[in-house]
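Here is how the chains run, residue by residue.
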Amino acid sequence: CCIYGLCQIHFFSYVFDQFKKTDFYEKNFVESEVISPKNKMNFIHIYLESMETTYAKREDGGDAKEDLLPYLTQLTKENISFSQNEKIGGARVLTGTGWTTGGIVASTSGLPLIFSLKHKFCKDKVPFMPNVNTLGDILEKDGYNRVFMIGSDASFGGRRSYFEQHGHYDIQDTVSLKKEGILDKDYREFWGFEDDKLFEFAKEKILNLSKSSQPFDFEMLTVDTHHPYGYQSKNCKNLFKESLSNSIYHTDENLKDFMEWLKKQDFYENTVIVIQGDHTSMAAEYIHDTYSSAYDRRVWNTFIHSQAKPQKEKNRDFTTMDFYPTILAALGYKIKGDKLGLGTNLFSDQATLTEALQASEVDQQIKRNSNFYRSLM
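All figures in this text were calculated on a predicted structure; none of them were measured in a lab.

## Considering helix 14 (residues 359-367)
Because an α-helix completes one turn every 3.6 residues, residues spaced three or four positions apart along the sequence face the same direction.
Now for step 1: Of the residues making up helix 14, those classed as buried are A359, V362, D363, Q365 and I366. Seen end-on, helix 14 carries its buried residues on one side only, within an arc spanning 165 degrees.
Now for step 2: Along its buried surface, helix 14 packs onto helix 3 (24-28) and helix 13 (353-356).

## Considerations on the sheet that holds strand 7 (residues 301-304)
Now for step 1: One open sheet holds the six strands; their spatial order is 4-3-5-2-6-7, and the pairing between them is mixed. The sheet is open, and its two borders are formed by strand 4 (170-172) and strand 7, each paired with just one other strand. Between one strand axis and the next, the sheet turns through 10 degrees on average, direction left out of account.
Now for step 2: Two strands pair when backbone bridges link them, and strand 2 (residues 42-48) and strand 5 (residues 216-221) are joined in this way by five bridges, in the parallel orientation. Looking at the pairing, F43 lines up with D217 of strand 5.
Now for step 3: This element, helix 5 (residues 100-109), spans strand 2, strand 3 (145-150), strand 5 and strand 6 (271-277) of the sheet and lies at about 145 degrees to strand 2.

## Some thoughts on the layout of surface pockets
Now for step 1: The calculated volume of the second largest pocket comes to roughly 260 Å³.
Now for step 2: What lines the second largest pocket is a set of 16 residues, and nearest its centre among them are W99, T100, F156, W191 and H226.
Now for step 3: Within the lining of the second largest pocket, the residues separate by chemical class into six nonpolar, eight polar and two charged.

## Considerations on helix 5
Now for step 1: Burial within helix 5 is extensive, with ten of its ten residues counted as buried.
Now for step 2: All buried positions along helix 5 are accounted for by T100, T101, G102, G103, I104, V105, A106, S107, T108 and S109.
Now for step 3: After helix 5 finishes, the residue G110 shows a positive phi value of roughly 75 degrees.

Here is what the cut-offs are and how they apply
Residues numbered from 1 in each chain as written. Predicted model: local features only at pLDDT ≥ 70, side-chain atom pairs only at ≥ 80, totals over all residues. Heavy atoms only, no water. Buried < 20%, exposed > 50% of the residue type's maximum accessible area, 1.4 Å probe, protein only. Helix = DSSP H or I, 4+ residues; strand = E, 2+ residues; numbered from the N terminus. Arc of directions from axis to C-beta. Contact = heavy atoms within 4.5 Å. Pairing = 2+ DSSP bridges. Axes fitted to C-alpha atoms, helices over the stretch in contact; angles between N-to-C directions. 1 Å grid on protein atoms, 1.4 Å probe; cavity = no way out; pocket = protein on both sides within 12 Å on 5 of 7 lines; lining within 4 Å. Points joined across faces, edges and corners; volume = space filled by probe spheres on them. Nonpolar A, V, L, I, M, F, W, Y, C, P; charged D, E, K, R; others polar.

Read these as spatial facts, not as claims about activity.
This is the structure in structure tokens:
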């Protein structure tokens with residue numbers, strides 16, 4: 001059982017790759033000049049747990065027979081969404097970006113999170129990518145008020161360390177909300193508290209942030225669609241056979257309520273909103289039994305109120321690492337050369353790494369041992 005489990009998480013291939021050296025990072029890592037906009041937009045960044053394009057209806061580009069995401073689908077069609085085809089599509093998930101912290105790091109630093117077995121970054125106060133400039137670092141320097149809100153303990157997976165060390169975010173999680181008396185000290189649902197509460201807490205926090213003369217950066221991560229079966233709150237409708245399908249549909253309802261509330265706020269038009277999955281789903285049984293194994297699973301993305309216009313929105317091949325410079329461009333930042341980290345600004349006409357090279361080659365190279373990459377960690 002242990003050997004089978006290690007094979008499933010590609011442990012042996014990971015160890016094998018550590019004996020292979022690569023200069024891929026030296027050749028492709030970019031630290032460009034970033035020019036701040038005069039008019040700084042507010043920013044709301046919504047990570048939807050395990051949200052992949054598979055859940056869209058087939059006629060819209062997904063592989064679902066049922067309409068699990070009617071609101072998000074419509075919102076995506078009405079706004080900017082990058083795709084590998086003419087329909088709803090999204091970002092590839094490469095090694096080091098296929099779990100929550102890895103997905104967050106990829107989309108805010110342009111790098112995968114591939115660490116040695118001895119790395120202690122998950123412990124608070126341990127240096128976490130100290131030599132990397134991230135989205136949080138840039139927005140902190142530009143005077144943004146910064147908040148990261150999740151329905152679990154932020155220390156899990158090193159998320160607290162990452163957001164505290166890169167942007168000094170106000171962490172709103174189960175620990176802090178219990179200390180503040182917003183949650184009862186003994187309260188626990190699923191990983192901490194359910195998304196019904198998360199979206200309500202988010203509204204209150206965003207309202208407070210909007211009262212400041214400084215722009216704000218509000219990052220949030222949902223959890224109810226987490227593998228293996230999701231979480232079904234008392235408000236979750238039992239419309240589908242699979243419990244995770246019901247969780248996905250309820251996330252869509254929560255998102256609709258939140259977005260309709262946002263549209264009524266006076267700061268809405270001055271706020272860039274990015275909605276994305278953190279990674280593709282790990283719910284193997286649900287994916288394998290419900291959807292086609294031939295479907296090209298990608299991470300969902302939607303950009304609202306972007307300050308940049310895409311030169312080519314469809315038929316692009318890209319990864320979650322490309323979201324980093326793309327988000328900055330959406331906020332009005334100018335990036336010399338349109339590249340940061342291993343990411344490419346998708347609003348530009350520059351080729352991404354997976355457009356310039358085979359995606360399999362990029363994935364193989366980033367897994368290998370790199371002294372340059374280690375120096376960033």
